[in-house]
Each structure stands twice: as structure tokens, then as C-alpha cells.
Amino acid sequence: MTEDSPAPPAQDFAQPPLTEAAAEDLVHGICFKTGPPRLVGAELEWLVLDAERPWLPLPPERLTAGHEAARALPLRSRLTAEPGGQLELSSAPAASLSDCVDGLQADLTAVRAALGDRGLVLRGLGRDPRGPQRRLLTSPRYEAMEAYFDRTGPAGRAMMRSSASVQVCVDAGHEEPGPLGHGRRWRLAHLLGAVLVAAFANSPAHEGPYRGWKCARQGIWSDIDTRRSLAPPLDAEPRAAWTRHALDTEVMCVRAHGDGPWAVPRGLTFRDWLRTDGGHGLRRPTAGDLEYHLTTLFPPVRPRGHLELRMIDAQPGEDGWLVPTAVTHALFDDPEAAETAYRAVKALADAYGSARAPRNTLWHTAARSGLADRDLRTAATACFEAAAEALPRLGVSTHVRDTVGAFAERYVRRGRCPADDAGDHELLQPIGKGQRP
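Residues numbered from 1 in each chain as written. Predicted model: local features only at pLDDT ≥ 70, side-chain atom pairs only at ≥ 80, totals over all residues. Heavy atoms only, no water.

### Section: the packing of helix H1 (residues 20–30) against helix H8 (residues 238–247)
Here H1 crosses H8 at 125 degrees, and the two axes come no closer than 9 Å. Relative to H8, the element H1 is oriented oblique. Where H1 crosses over H8, the two elements pack in a sense that is right-handed. Note on element contacts: H8 touches H1 through Arg239, Ala240, Trp242, Thr243 and Leu247, opposite Ala23, Glu24, Val27 and His28. Grouping the amino acids of the contact of H1 with H8 by side-chain chemistry returns five nonpolar, two polar and two charged. (Axes fitted to C-alpha atoms, helices over the stretch in contact; angles between N-to-C directions. Helix = DSSP H or I, 4+ residues; strand = E, 2+ residues; numbered from the N terminus. Parallel < 35°, antiparallel > 145°, perpendicular 65-115°, else oblique. Left-handed = near helix turned anticlockwise from the far one by under 90°. Contact = heavy atoms within 4.5 Å. Nonpolar A, V, L, I, M, F, W, Y, C, P; charged D, E, K, R; others polar.)

### A closer look at the pattern of salt bridges
Enumeration according to the criterion identifies 29 salt bridges in this entry. Between Arg185 and Asp333 there is a salt bridge, with the nearest N and O atoms lying 3.0 Å from each other. Note that Arg185 is positioned in helix H6 (residues 182–199) and Asp333 in helix H11 (residues 322–333), a separation of 148 residues in sequence. In this pair, the class of Arg185 matches that of Asp333, namely buried. Residue Asp421 pairs with Arg416 through a salt bridge whose shortest N-O separation is 2.7 Å. Look at Asp421 and you get partly exposed, because its relative accessible area is 33%. Since its relative accessible area comes to 24%, Arg416 is described here as partly exposed. A single network of salt bridges, built from pairs that share partners, joins Arg135, Glu143, Glu146, Asp150, Arg157 and Arg161. (Salt bridge = Lys/Arg side-chain N within 4 Å of Asp/Glu carboxyl O. Buried < 20%, exposed > 50% of the residue type's maximum accessible area, 1.4 Å probe, protein only.)

### Observations regarding unusual backbone geometry
Note the cis peptide between Ala357 and Pro358, where omega equals 0 degrees. Assignment of secondary structure puts Pro358 in the loop between helix H12 (335–352) and helix H13 (361–369).

### Structural notes on the environment of Arg135
Relative to the assigned elements, Arg135 resides in the loop between strand E4 (120–123) and helix H4 (140–149). Since its relative accessible area comes to 14%, Arg135 is described here as buried. A C-alpha to C-alpha distance of 8.9 Å links Arg135 and Pro60, two positions 75 residues apart in sequence. With residues up to four places along the chain from it excluded, the contact list for Arg135 reads Pro83, Tyr142, Glu143, Glu146, Met160 and Arg161. A distance of 3.1 Å separates the side chain of Arg135 from the side chain of Glu143, its partner in a polar contact. (Polar contact = N/O pair within 3.5 Å; in protein donor to acceptor, adjacent residues only side chain to side chain.)

### Description of the pairing of strand E7 (residues 306–313)
Regular strands have side chains that alternate between both faces of the sheet. Burial analysis of E7 places eight of its eight residues in the buried class, which makes it a mostly covered element. Where strand E5 (residues 165–170) and E7 come together, five bridges link them in antiparallel fashion. The residue bridging Cys169 from the neighbouring strand is Glu308, located in E7. Where strand E6 (residues 301–304) lies against E7, four bridges are found, and the strand directions are antiparallel. Each residue of the ladder has a partner; that of Val301, found in E7, is Leu309. The antiparallel hairpin formed by E6 and E7 contains one residue in its connecting segment, where Gly305 sits at a positive phi of about 90 degrees. (Pairing = 2+ DSSP bridges.)

### Some thoughts on the packing of H4 against helix H5 (residues 155–162)
Packing of H4 against H5 leaves a shortest axis separation of 7 Å and a crossing angle of 145 degrees. In this structure, H4 contributes Tyr142, Met145, Glu146 and Phe149 to the contact, and H5 contributes Gly156, Arg157, Met159, Met160 and Arg161.

### Things to note about the state of the cysteines
If you walk through the whole model with that rule in mind, you get zero disulfides. No disulfide involves Cys100; its sulfur sits 8.8 Å from the nearest other cysteine sulfur, which is in Cys169. Cys100 gets classed as buried once you look at its relative accessible area, which sits at 2%. Left without a disulfide partner, Cys383 is nearest to the cysteine sulfur of Cys417, which lies 16 Å away. A relative accessible area of 2% means that Cys383 is categorised as buried. (Disulfide = S-S within 2.5 Å.)

In C-alpha cells, the structure reads:
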């Protein structure tokens, strides 16, 4: 439950230079913290819109005032702002889904009230139909990020400024094999990912490069970088595969002392940087630089000790976010549901080949078609049924179970997803009496 690109760790420039062997050991040691699965978390990103005229961009000073009002609240979750003004609530790691849900619901109620007093509303959409907004945050790290992404096209700016998601975090799992072992959970996360993209697609595009897609946000993430958003190979041991992938991905930026601009090297992987001795005009990297580099990698599943599933669009309604959070938790932490889901999604993925997510046929089909695709609909139905059976065993409230059941009935069993509900012109209509954001 951390930012994609947090501020530099305090005073880490005094650290000694890092060797290649030490870097490998560091990544290897921190990517999977194994043990019995017991914690769950969620990170909820929201667009902030004018309640009466949501189709208009908000002036920066009004967005900033809304952010400051929300930050002043005594929240249990951490609240941060994204570059385009989106708000993110990151739960603390919770011992149960109920604890996670209760904390986020209370915080969301408080944030909505504070924003409502200022004529603002939170809207759950995976992609802002208004297009990329003005970048609100101007710190050196966001200047550097934008400069880096601009080399490969407009997808980086769109990701930074106009995308929103529900990210679900689960423990890595046991060291030993089995349905709750970290190797199986790592593989399940990637195989399940396409089904989650399809079921929760909520970023329809009616023009531009993703015209006709149900989950344009997934297309944006896939296009930001040839490697940064790519999953490592699943046929390798997870720690070794992630370590190799992380070190062989380009450095996005090199942090500077003080408030000066950050360097944006071209074509320099972190392994290359480790092997330099003051070359490229750069200082030697430290452990802090490696930790920062890891936060600039955006694969669909990111190992951060726990597993962070990043492929789910922000969901409509006050309680829409409950569904992916509850379903994902059930499919990972209930052994019976985990086994059912694994069989369903493995058979589906095997039929589409072994190309790495999200740049393979199955993920592209999920983003374009949602659950209109028969194979994805079949797998999603099996997964939702398994989750529904597991939720009572996990002690989840009746409200959460009913919300999941209503979603399954409205969308999954009918081969639909939230993106099928409305076009862009309807998504940004004012919220009237009785409507939910």
C-alpha cells in the first residue's frame, strides 16, 4: 500500500555504492516475504470531479483545496494524490477482509463528505473520459517520469494523469509448495489477471488507439514501456525471475541531491548502472536507488514482499470496489477456492499460449472484449462461484457477500462488465438524487 513513485528515502545518498551481487541479494530477499497468508489490503484510486459539471476539468487550485481538506481528516488509510489529481486511499495491512473493508469504508465516507462540502465528488472509472488532464504535481520525480515516458508516446502521460484502479494486495504465501505456496500464488495472480481485467473492465474507449476496448486502461499500461509493464517469465523460479527482470529493466530516473532536476538516462538498465564506475555522468547507485527503482516497475503483479495485483479498473458506485477486493481475497486465501480458480484459469491460459502478460492474446482479448468473450466468461463464472462459496468460510459480512452476488448476477452471468453500462457522455453526467458516484 505504497505510492508508485514515493519521495526519496531520507538521507540515503550517504549509503555506500551497491555491488551487483549485493543488489541481486537485496531484490531476492525482499520480493517475497513468505509465511502463512494472513494479511490483505487494497489501494483505491478515484477521479475527483465537479459534482454538477463533471465533464469540465477542475482548476488546479480547486483540486488542491479538495486534497488538503481530505488530508486534514483523521484517516486510518494513507491518502495520496496522483499526478493528474486522482486521490488514492491505501489501507493499512488488515488481519481480515472485514477489517480492511471497514477501515476503507469509514475513510471513504469521511473523504466524500469533505469533498462534497466543496462541490466535488469521487468517481470510480478506470480512465478519465475527458482525456489526460493537466499534471498537478510538479516535483522532480514527476518531471523525470514524464520526460522518460514521453520518449515512447502518449501512454505514459495518460497513465499518470487519467487512470485509476483498484489494487488488491495479498500475502506472498508459504515457502512450501501447495495451493497457498508463494510459487502457486505468484502463478495464479498472473493467470487470473486476464479474468480480472475482463470482469472488472470499466474504462471504455470510443475513439483513439483503444477505440472499442472495454478496458482502455489496460492498453495504456501495456504501451507505456516495452519492459517496465511486462511480467517476468512464469516458467522460472519466482525470486530469480523477478530479480533478473528488475535489474535488467531501464532506469527511469536518477534522483538528485536537494531540489535539482533528476537525470533521465537513455537505455541504461539498473544492472548497467551497477557496472559503471562513474560512467554516463552518474554517481554510483546505492541500496536506496535500487529500492526506488523497484517502485518504478509497473508489471500487472508486483512483488513487494506481498503481491500487489494492479490490473483491475476503478469500479463504479460507492461499494463497487468491494467486489474485486473480496473476490481476489477469497480466490487467494481460501484453499478450496484457490484450487478451483487455478484449474479454471490455467486451462484458459494454456489454450492461449505462454507469452508474457499483459502482451499476449488472452490479455488483449480481455481488455478489448471483457466478458463478451465466451472463454473468459466461463472462467470468470467458475471463479465467482468459488469466491461466493468461500466468503462465508472467511467470515465476510452479509453486505459484502450480497454486493459480490449482485455483481455476479448483473455482469458475470450475463457476459457483461461495468464498461457495458454507459458511454463516455453518460459516465460524466451530473450525479442526481438517488444516484451513486
